[in-house]
Amino acid sequence: AQSVSQHNHHVILSEAASLELGCNYSYGGTVNLFWYVQYPGQHLQLLLKYFSGDPLVKGIKGFEAEFIKSKFSFNLRKPSVQWSDTAEYFCAVKPSGGRRALTFGSGTRLQVQP
Amino acid sequence: EPEVTQTPSHQVTQMGQEVILRCVPISNHLYFYWYRQILGQKVEFLVSFYNNEISEKSEIFDDQFSVERPDGSNFTLKIRSTKLEDSAMYFCASSDGPNTEAFFGQGTRLTVV
């Protein structure tokens, strides 16, 4: 079975600081990778996804993530965070092909201070 | 923009009671999912549903849980005899394919007292 690790549980940054949230997964086969964001009181929204091709994927709101297959990693980055980025961020993985569901990491709570 | 809708947004129930959580997936989607998030914990997969049958379920999804697509639009999760530890946010999701993005609803907060 696949698993996902997010090592940063709580990150506090000042506005304009750069962000990198770590995500590592464990699975022996090919995977699809996702980052979801959950703003306070709201539902999960997709930030970006990787299925194949260019390992550097760009998502909404200036976020990007890089898939490094050799490291089983899919870290999320943003060059300059805003107060409105305060939210919980979840990395998720699913085996490609078939009808397997998403496996989520434990989430990283990002707090951006004005 | 199409969205997944869930009702109710908050349900309080007594231990031992049955609850039904309702979801209306995006209309052209064929794959449906239930996840839950216990307060302060990760989002956990419960069950996936395709072609009127369960595709996959986790070990959490035991005999007290069931899912149904009673008509062409609704997708329900029934918990037969609720326990205190069933208190969580329950998210419904849908996708148009097995390998495409899942869209999530806003969740139903279930509180078992």
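Our subject is the structure listed above.
Right, let's walk through the structure included here. (Residues numbered from 1 in each chain as written. Chains lettered and ligands numbered in written order. Predicted model: local features only at pLDDT ≥ 70, side-chain atom pairs only at ≥ 80, totals over all residues. Heavy atoms only, no water.)

**Focus on the overall build of chain B**
Line of reasoning, step 1. Within chain B, the regular secondary structure consists of zero helices and eleven strands.
Line of reasoning, step 2. Counting helices and strands in the order they occur from the N terminus, chain B gives β-β-β-β-β-β-β-β-β-β-β.
Line of reasoning, step 3. Expected size for 113 residues packed as a compact globule is a radius of gyration near 13 Å; at 13 Å, chain B falls within 12% of this value.
Line of reasoning, step 4. On the principal axes, the C-alpha backbone points of chain B span a range of 35 × 30 × 25 Å. (Helix = DSSP H or I, 4+ residues; strand = E, 2+ residues; numbered from the N terminus. Rg over C-alpha atoms; globule rule 2.2 N^0.38 Å.)

**A look at the sheet that holds strand β1 (residues 5-7) of chain B**
Within a sheet, each strand pairs with its neighbour through backbone hydrogen bonds, oriented either parallel or antiparallel.
Residue and element names in this part refer to chain B.
Line of reasoning, step 1. The strand order across the open sheet built from four strands is β1-β3-β8-β7, with neighbouring strands paired in antiparallel fashion. Two strands bound the open sheet, and with one partner strand each, they are β1 and β7 (65-68). The mean inter-strand angle of the sheet, taken between neighbouring strand axes irrespective of direction, is 20°.
Line of reasoning, step 2. Bridge analysis of β1 against strand β3 (residues 19-24) gives three bridges, and the strand direction is antiparallel. (Pairing = 2+ DSSP bridges. Axes fitted to C-alpha atoms, helices over the stretch in contact; angles between N-to-C directions.)

**Details of the state of the cysteines**
Line of reasoning, step 1. For the coordinates displayed, the defined rule picks out two disulfides over all chains.
Line of reasoning, step 2. Here A:C23 pairs with A:C91 through a disulfide, and the sulfurs are 1.9 Å apart. Where A:C23 bonds to A:C91 through sulfur, the torsion about that S-S bond is close to -65°, and the disulfide is left-handed. Remark: A:C91 occurs in strand β10 (residues 87-95) and A:C23 occurs in the loop between β3 (19-21) and β4 (24-26); sequence separation between them is 68 residues. In terms of burial, A:C23 and A:C91 fall into one category: buried.
Line of reasoning, step 3. Bridging B:C23 to B:C92, the disulfide has an S-S length of 1.9 Å. Its S-S torsion of approximately -65° makes the covalent link between B:C23 and B:C92 left-handed. You can see B:C23 sitting in strand β3 and its partner B:C92 sitting in strand β9 (residues 88-95), a full 69 residues away along the chain. (Disulfide = S-S within 2.5 Å. Buried < 20%, exposed > 50% of the residue type's maximum accessible area, 1.4 Å probe, protein only.)

**Concerning the nonpolar core**
Line of reasoning, step 1. A:L33, A:W35, A:L47, A:L48, A:F74, A:L76 and A:Y89 are the most contacted members of the largest nonpolar core, which totals 28 residues.
Line of reasoning, step 2. Elements with a contribution of two residues or more to this core: β2 (10-14), β3, β5 (31-38), β6 (44-50), β8 (64-68), β9 (73-78), β10 and β12 (108-113) of chain A.
Line of reasoning, step 3. In this structure A:L48 touches A:L33, A:F34, A:W35, A:V57, A:K58, A:G59, A:F63, A:E64, A:A65, A:F74 and A:L76, once residues within four positions along its chain are discounted.
Line of reasoning, step 4. With 23 residues, the next largest nonpolar core counts B:F65, B:V67, B:L77 and B:C92 among its residues. (Core = buried A, V, L, I, M, F, W, Y, C linked by side-chain atoms within 4.5 Å. Contact = heavy atoms within 4.5 Å.)

**A word on the interface of chain A and chain B**
Line of reasoning, step 1. Listed per partner, the contact involves 23 residues of chain A and 20 residues of chain B.
Line of reasoning, step 2. Both sides of the chain A and chain B interface together cover about 1800 Å² of buried area, and 54% of this is carbon and sulfur.
Line of reasoning, step 3. Viewed at the interface, chain B and chain A are joined by one salt bridge.
Line of reasoning, step 4. A salt bridge links B:E101 to A:K49; its shortest N-O distance comes to 3.8 Å.
Line of reasoning, step 5. Taken together, chain A and chain B are joined by five residue pairs in polar contact (both at pLDDT 80 or more).
Line of reasoning, step 6. Within the residue set of the side of chain A that touches chain B, elements represented by two or more residues are β5, β6 and β10 of chain A.
Line of reasoning, step 7. Examining the composition of the side of chain A that touches chain B, we find that four residues originate from one element, β5(A), more than from any other.
Line of reasoning, step 8. Classifying every residue of the side of chain A that touches chain B gives eleven nonpolar, eight polar and four charged. (Buried area = accessible area lost by both parts, 1.4 Å probe. Salt bridge = Lys/Arg side-chain N within 4 Å of Asp/Glu carboxyl O. Polar contact = N/O pair within 3.5 Å; in protein donor to acceptor, adjacent residues only side chain to side chain. Nonpolar A, V, L, I, M, F, W, Y, C, P; charged D, E, K, R; others polar.)

**Overview of the side chain of A:Q6**
Residue and element names in this part refer to chain A.
Line of reasoning, step 1. Tracing the sequence through the fold places Q6 in the loop between β1 (3-5) and β2.
Line of reasoning, step 2. Under the relative-accessibility criterion, Q6 is labelled buried at 3%.
Line of reasoning, step 3. There is a polar contact of 3.1 Å between the side chain of Q6 and the backbone nitrogen of G107.
Line of reasoning, step 4. Each residue touching Q6, except ones within four places of it in the same chain, is listed here: G22, W35, Y89, F90, C91, G105, S106, G107 and T108.

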